[in-house]
There are 2 protein chains.
Amino acid sequence: MDKIYFGVDIGGTTVKVGCFDENGNLHSKYEIVTRRDGDGSYILSDIFSSIEEHIYSIDENVESVKGIGIGVPGPVLDERIVNGCVNLGWGTIDVEKEAKKYTNAKVKIGNDANMAALGEMFKGGAQGYNNVVMVTLGTGVGGGIILGGKLINGANGAGGEIGHIPVVHNATEQCGCGKYGCLEQVASATGIVKYAKKLIENTDMQSTLRSEINITAKDVFEAAKIGDEMSVDVIEQVGFYLGTALANIACVIDPEIFVIGGGVSDAGEILLDVIRKTYKEKAFKASRETKIVKATLGNDAGIYGAVKMVLEE
Amino acid sequence: MDKIYFGVDIGGTTVKVGCFDENGNLHSKYEIVTRRDGDGSYILSDIFSSIEEHIYSIDENVESVKGIGIGVPGPVLDERIVNGCVNLGWGTIDVEKEAKKYTNAKVKIGNDANMAALGEMFKGGAQGYNNVVMVTLGTGVGGGIILGGKLINGANGAGGEIGHIPVVHNATEQCGCGKYGCLEQVASATGIVKYAKKLIENTDMQSTLRSEINITAKDVFEAAKIGDEMSVDVIEQVGFYLGTALANIACVIDPEIFVIGGGVSDAGEILLDVIRKTYKEKAFKASRETKIVKATLGNDAGIYGAVKMVLEE
């Protein structure tokens, strides 16, 4: 390959690295461990030396590496500076400047949820669209918003913080962000498990979940798929709040398509159907037919988005 | 003046017309009646002939008119086509094409709420900002969203339809749009009067409003300013739902500033204070300090925005 590009997705436990050609086709990928000791000070050097090794292993030249895009789990300013990242132990770091110690390639960074959105637009469920809202349902709920092909970062880096849209009225439990009634509290894997446990404790509903020792969100989806009443109830609550949040978003930016990704989206059609039904009820009429689809890239969305970011210029 | 530009704001009863120099300074303005008979077929010709007359009256040449921007109370496609406008009796009209019959100047059209947002960014409360959300509180609730200096129209022309964000849970009354619990139902002048009447009927609260025959939103503001308990209660509900809606919006696009305009904003600081308080409670922490200000151009926002639209190129 004449020109080689890398898309990197830094997570709390592993770093995913994809090696791409100049058209964004994936050539190869691998993972390394996220070394969080020493305030995460080894993470960047680990990434760059792994890239060098990988280049040698595929018989290419390091000078062919033209761009490296990196997604990080925290707020990012100007495609260069991470503005604090608790999960990695990072404070404010100028990644572009750091990177210059290791590589001549162009380096850009972005927020991981934004990268996932960009990835799904580039090669996933939102391919062919320019105005995309991606919702990532995992341990938390993240979001990425693309208008006219460009990510919306927001004046304070909080563009696409969909997980913190206040959707539950009169909520009494506090969200990790300090507020009450955030979407993340009900639509994340954590929220799903919490709600299932609440139903077990406070109702007489029959459910296969009662026999599980440690309930996971996955248990709830699988039980719901075979008609377990309590699990269906949980999915309906999640879908209701998600559909409501998407209707809110449509009144603001009226996107062409919504893409639902992250582990919770593995619940599949049973969840998507509730989201779509609620969305249609609550969306403004002009936006009522907006597509709501499942993400297709899974855990690779981040590396596709990160490489898209450096392929763009 | 070498180059003359017009900003036009078509309303249901009057058309406001502003005559500007090439820097967007207002030279003169006037109003004509909106002739709605004949399915509104005279409105455009009335506007263009009034502009010609005005040009003669100020001793200028019609050839000096370089651009005419027009705001209409309906959805607009491509800065050219009105996609139906019930208030004017219009169906789908290609205004740019119509305009060619009357003028050689460049003609562009935009939605009136969007024009107000553009006007407030150009010369009003949001001057100096590029990422602006404007909320217009009148008979209905309209909105305009500007990101990176550009209006967000949305995939279906529903960008900035802030009035239809669903904010009231378990609402039983239907909004004009067919949904339940829209912001417009509680935060418009109509919604304010309705809520005041409900309190009069269903509570024993003392209030000067009880002596009014036809309560208006203005009566409620004036009574609230002198401490009338029931009126303060109404303002607090309006401010609560508005603050909640702004917090929702901030989680999506995280603007630099919110501008509150329209007749209801004349309630002034008493309303803004409740909006700000609720917003701070419900907004994501990164966006908590976002400015919320009153619009400053009043009824002229539309003509300033409309002229800005044609000055832009």
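Residues numbered from 1 in each chain as written. Chains lettered and ligands numbered in written order. Predicted model: local features only at pLDDT ≥ 70, side-chain atom pairs only at ≥ 80, totals over all residues. Heavy atoms only, no water.

Visitor: What's the story with the overall build of chain A in this structure? I'm lost.
Guide: Check the secondary structure of chain A and you find 9 helices and 13 strands. The C-alpha atoms of chain A give a radius of gyration of 20 Å, which matches the 20 Å a tight globule of 313 residues would have. Each principal axis of the C-alpha distribution contributes one length, and for chain A these read about 65 × 45 × 35 Å. Looking at the 313 residues of chain A, the share that counts as buried comes to 56%. Sequence separation of 24 or more characterises 61% of the internal contacts of chain A that already satisfy a separation of 6 or more. Carbon and sulfur atoms make up 45% of the accessible area of chain A, which totals about 13200 Å². (Helix = DSSP H or I, 4+ residues; strand = E, 2+ residues; numbered from the N terminus. Rg over C-alpha atoms; globule rule 2.2 N^0.38 Å. Buried < 20%, exposed > 50% of the residue type's maximum accessible area, 1.4 Å probe, protein only. Contact = heavy atoms within 4.5 Å. Areas by Shrake-Rupley, 256 points an atom, 1.4 Å probe, with all protein chains shown as cover.)

Visitor: Explain the pairing of strand E7 (residues 90–94) of chain A here, please?
Guide: Looking down a regular strand, the side chains alternate between one sheet face and the other. Residues and elements named next belong to chain A. Judged from the 4 bridges that link them, strand E6 (residues 81–85) and E7 form a sheet pairing that is antiparallel. Residue pairing for E7: Asn-83 is matched across the bridge by Thr-92. Between E6 and the antiparallel strand that follows it, E7, lie 4 residues; Gly-89 among them carries a positive phi value of about 80°. (Pairing = 2+ DSSP bridges.)

Visitor: I keep staring at the sheet that holds strand E12 (residues 257–261) of chain A and nothing clicks. Help me out?
Guide: The strands making up a sheet associate through backbone hydrogen bonding, with each pair oriented either parallel or antiparallel. Residue and element names in this part refer to chain A. Spatially, 5 strands are ordered E11-E10-E9-E12-E13 in an open sheet, and the strand pairing comes out mixed. The two strands at the open ends of the sheet, each matched to only one other strand, are strand E11 (150–151) and strand E13 (291–294). As paired elements, strand E9 (residues 132–137) and E12 share 5 bridges and run parallel to each other. Counterpart to Met-134 in the pairing with E12 is Val-259. Those strands touched by helix H7 (residues 229–253) are E9, strand E10 (141–147), E12 and E13, and its axis lies near 155° from that of E9. (Axes fitted to C-alpha atoms, helices over the stretch in contact; angles between N-to-C directions.)

Visitor: For this particular structure, what's the right way to read the nonpolar core?
Guide: Most often, soluble globular proteins keep nonpolar side chains buried together rather than apart. Core analysis: the biggest nonpolar cluster contains 112 residues, and Leu-183 and Ile-253 of chain A together with Leu-183 and Ile-253 of chain B have the highest contact counts within it. Leaving out residues up to four positions away in the same chain, Leu-183 of chain A has contacts with Val-141, Ile-162, Gly-163, Ile-165, Val-167, Tyr-241, Leu-242 and Ala-245 of chain A. (Core = buried A, V, L, I, M, F, W, Y, C linked by side-chain atoms within 4.5 Å.)

Visitor: For this particular structure, what's the right way to read the sheet that holds strand E2 (residues 14–20) of chain A?
Guide: All names here are of chain A. Spatially, the 5 strands line up as an open sheet ordered E3-E2-E1-E4-E8, and their pairing is mixed. Two strands close off the open sheet at either side, each with one partner strand: strand E3 (26–33) and strand E8 (106–111). Across the sheet, the axes of successive neighbouring strands diverge by a mean angle of 15°, strand direction being ignored. Pairing analysis gives 6 bridges linking strand E1 (residues 4–10) to E2, with the strands arranged antiparallel. Considered in E2, the bridge of Val-8 is made with Val-17. Packing against the sheet, helix H1 (residues 43–57) makes contact with E1, E2, E3, strand E4 (65–72) and E8, and its axis sits at approximately 145° to E1.

Visitor: I tried to follow the packing of aromatic side chains on my own but got confused; where do I start?
Guide: The relative placement of two aromatic rings is captured by the distance of their centres and the angle of their planes. Here the structure, examined in full by the defined rule, presents 8 aromatic pairs over all chains. Taking the centre distance of 5.3 Å and the plane angle of 10° together, the rings of Phe-48 of chain A and Tyr-102 of chain A count as stacked. Taken together, the positions of Phe-48 of chain A in helix H1 and Tyr-102 of chain A in the loop between helix H2 (95–99) and E8 put the pair 54 residues apart, joining distant regions of the chain. Judged by relative accessible area, Phe-48 of chain A falls into the buried class, the value being 6%. Consider the rings of Phe-258 of chain B and Tyr-279 of chain B, whose centres lie 5.5 Å apart with planes at 70°: the pair is edge-to-face. (Phe/Tyr/Trp six-rings, centres within 6.5 Å; stacked < 30°, edge-to-face > 60°.)

Visitor: Sorry, what's going on with unusual backbone geometry here?
Guide: For residues that are not glycine, phi is negative in most cases, and the peptide bond is trans in most cases. Residues and elements named next belong to chain A. In this structure, Glu-79 takes a positive phi of about 55° despite not being glycine. Within the fold, Glu-79 resides in the loop between strand E5 (76–77) and E6. Relative accessible area serves as the criterion here: at 34%, Glu-79 is assigned to the partly exposed category. In this structure, Asn-170 is a non-glycine residue whose phi angle is positive, near 55°. Topologically, Asn-170 is positioned in the loop between E11 and helix H4 (183–187). Residue Asn-170 is classed as exposed on the basis of its relative accessible area, which comes to 76%.

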